[in-house]
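A look at the structure
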Amino acid sequence: MKKHNFSAGPCVLPKSVMEQAAAAVLNFDEGLSLLEISHRSKPFVDVMENARSLALELLGLEGKGYKALFLQGGASTQFLMVALNLLEKRAGYLNSGTWADKSIKEAKIYDDIYEVGSSKAANFNYIPKGYDIPEDYDYFHCTSNNTIFGTQMKSFPNSPVPMVCDMSSDIFSRQLDFSQFDLIYAGAQKNMGPAGTTLVVIKEDILGKVSRKIPSMMDYKVHIGKGSMFNTPPVFAVYVSMLTMQWLKDLGGIKAIEEINEKKASLIYSEIDLNPLFKGYAVKEDRSNMNATFTLENENLKETFDAMCLEAGINGINGHRSVGGYRASMYNALSLDSVKALVEIMSDLESKA
Ligand SMILES: *Cc1c(COP(=O)(O)O)cnc(C)c1O
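Just so it is clear, the model here is predicted, and its values are computed rather than measured.

A few words on the sheet that holds strand 11 (residues 278-280). Pairing in this open sheet of three strands is antiparallel, and the strands run 11-12-14 from one edge to the other. One side of each edge strand has no neighbouring strand; the edge strands of this open sheet are strand 11 and strand 14 (326-329). Between one strand axis and the next, the sheet turns through 35 degrees on average, direction left out of account. Relative to strand 14, strand 12 (residues 291-296) runs antiparallel, the two sharing four bridges. Its bridge partner being in strand 14, Thr293 is matched across the sheet by Arg327.

The immediate surroundings of the ligand are formed by 13 residues, with Ser76, Thr147, Asp166, Gln189 and Lys190 found nearest. A distance of 2.4 Å separates an oxygen atom of the ligand from a polar side-chain atom of Thr147. Residue Lys190 places a side-chain N or O atom 2.8 Å away from an oxygen atom belonging to the ligand. Contact with the protein chains removes 88% of the 390 Å² of surface that the ligand exposes when unbound.

Because side chains alternate across strand 8 (residues 163-166), one face comprises the buried residues Met163 and Cys165, and the other comprises Val164 and Asp166, equally buried. Summarising the sheet, strand 5 (residues 140-143) and strand 8 pair through four bridges and their orientation is parallel. Paired with Phe140 across the two strands is Met163, which belongs to strand 8. For strand 8 and strand 9 (residues 183-187), the ladder comprises three bridges, and the chain directions are parallel. If you follow Asp166 over to strand 9, its bridge partner there is Tyr185.

Note that the residue after Gly9, namely Pro10, is joined by a cis bond; omega there is -5 degrees. Structurally, the position occupied by Pro10 is in the loop between strand 1 (4-5) and helix 1 (15-26). Although it is not a glycine, Asn123 adopts a positive phi angle of roughly 45 degrees. For Asn123, the position within the fold is in the loop between strand 4 (112-118) and strand 5. Phi at Phe172 is positive, roughly 65 degrees, even though this residue is not glycine. If you trace the backbone, Phe172 turns up in the loop between strand 8 and strand 9.

In this section: the sheet that holds strand 2 (residues 66-71). Two pairing modes exist for strands in a sheet, parallel and antiparallel, and in both the strands are linked by backbone hydrogen bonds. Strand order in this open sheet of seven strands is 2-10-9-8-5-3-4, and the pairing throughout is mixed. At either end of the open sheet lies a strand with only one pairing partner, and these are strand 2 and strand 4. Neighbour-to-neighbour, the strand axes of this sheet turn through a mean angle of 20 degrees, independent of strand direction. The strands that helix 4 (residues 98-108) touches are strand 3 (90-95), strand 4, strand 5, strand 8 and strand 9; relative to strand 3, the one it contacts most, it runs at about 160 degrees.

For the coordinates displayed, the defined rule picks out zero disulfides. No disulfide involves Cys11; its nearest neighbouring cysteine sulfur is the one of Cys165, lying 18 Å away. Considering cysteine sulfurs only, Cys142 is the nearest to Cys165, which forms no disulfide, with 3.9 Å between them. Note on Cys165: relative accessible area 0%, which makes it buried.

Now for the side chain of Asp219. Residue placement: Asp219 occurs in the loop between strand 10 (198-203) and helix 6 (220-225). Buried charge without a salt bridge: Asp219, with Lys221 as the nearest opposite-charge side chain at an N-O distance of 7.0 Å. Polar side-chain contacts of Asp219 include one of 2.9 Å to the backbone nitrogen of Lys221.

Rules of the game
- Residues numbered from 1 in each chain as written.
- Predicted model: local features only at pLDDT ≥ 70, side-chain atom pairs only at ≥ 80, totals over all residues.
- Heavy atoms only, no water.
- Pairing = 2+ DSSP bridges.
- Helix = DSSP H or I, 4+ residues; strand = E, 2+ residues; numbered from the N terminus.
- Axes fitted to C-alpha atoms, helices over the stretch in contact; angles between N-to-C directions.
- Near = heavy atom within 4 Å.
- Polar contact = N/O pair within 3.5 Å; in protein donor to acceptor, adjacent residues only side chain to side chain.
- Areas by Shrake-Rupley, 256 points an atom, 1.4 Å probe, with all protein chains shown as cover.
- Buried < 20%, exposed > 50% of the residue type's maximum accessible area, 1.4 Å probe, protein only.
- Contact = heavy atoms within 4.5 Å.
- Disulfide = S-S within 2.5 Å.
- Lys, Arg positive; Asp, Glu negative; His and termini not counted.
- Salt bridge = Lys/Arg side-chain N within 4 Å of Asp/Glu carboxyl O.

Okay, here's the thing in structure tokens:
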């Protein structure tokens, strides 16, 4: 039976990418596996260089002073790397969800953090707006898509200081002027590849301004200087990320996927709004095109709905424990047909109830 994989991450990847990745594990270079050749060999160095340039190309940041890195430690390590490399006195953070909250906690270890806005009191069901970013801050940090709560920033402030953005769960999903950001990071496992690597895109001229000593592995400059090969990179995760970016480029890039992503999101949200059995979690204007969060109005229907989902091959829609209900994650590789399958079950439930 076809599975419809709505998992929040790690999550669905294109089938053609899986096939190429599987083949490379068996035979990548003259009978040797991708997993057993030196990361300093030409075939792998080419993979790394290709992955780095594809990332900048897809984001439209080539030739604009940016460098792309594939690091380890997940987006969670970026919470502290950002602070170590950029925080001298004080930075402003937008607290729009669990991940933003965690990034604040890590940065506070090093220096002063000011929350320019927070929706914590409303259990993060909206994106704070109308805040000011003081000109004397070191940087401003925001989270473009709040994976757990299903909210997404539709616009970004005109920041007077470098803007840092955690795009883990919506990188490469929609067109934005990416040059408004000075540092973008994204754990691969949501919209780019398997777990194990994190894309970091940095405008080089924001670095080198803090006085503290930075350990080598935490220092963006060190990684840039070594072409993202300071130490052994996670070869498999980088390779599969490269394949996924190539898949996206062949499809027509971010512009093409954005159209599909908008169709998927409008399909599920119109069902949530029309079907009296379901209720959306996030406020409408901030709804995420990647993660749709919703609950059943009547919890007694949960068993029936879950059984119907199971039967239809719908996988991974249980909500995060901090929200409850359901979360349908609709990353780039999830097809419109999968969303149609879920919407059909939701509407079947209405006719049964
Ligand atoms: C999943 C997620 C993270 C954490 O990523 P790890 O790679 O597990 O550290 C951080 N930020 C956002 C927005 C996420 O969705």
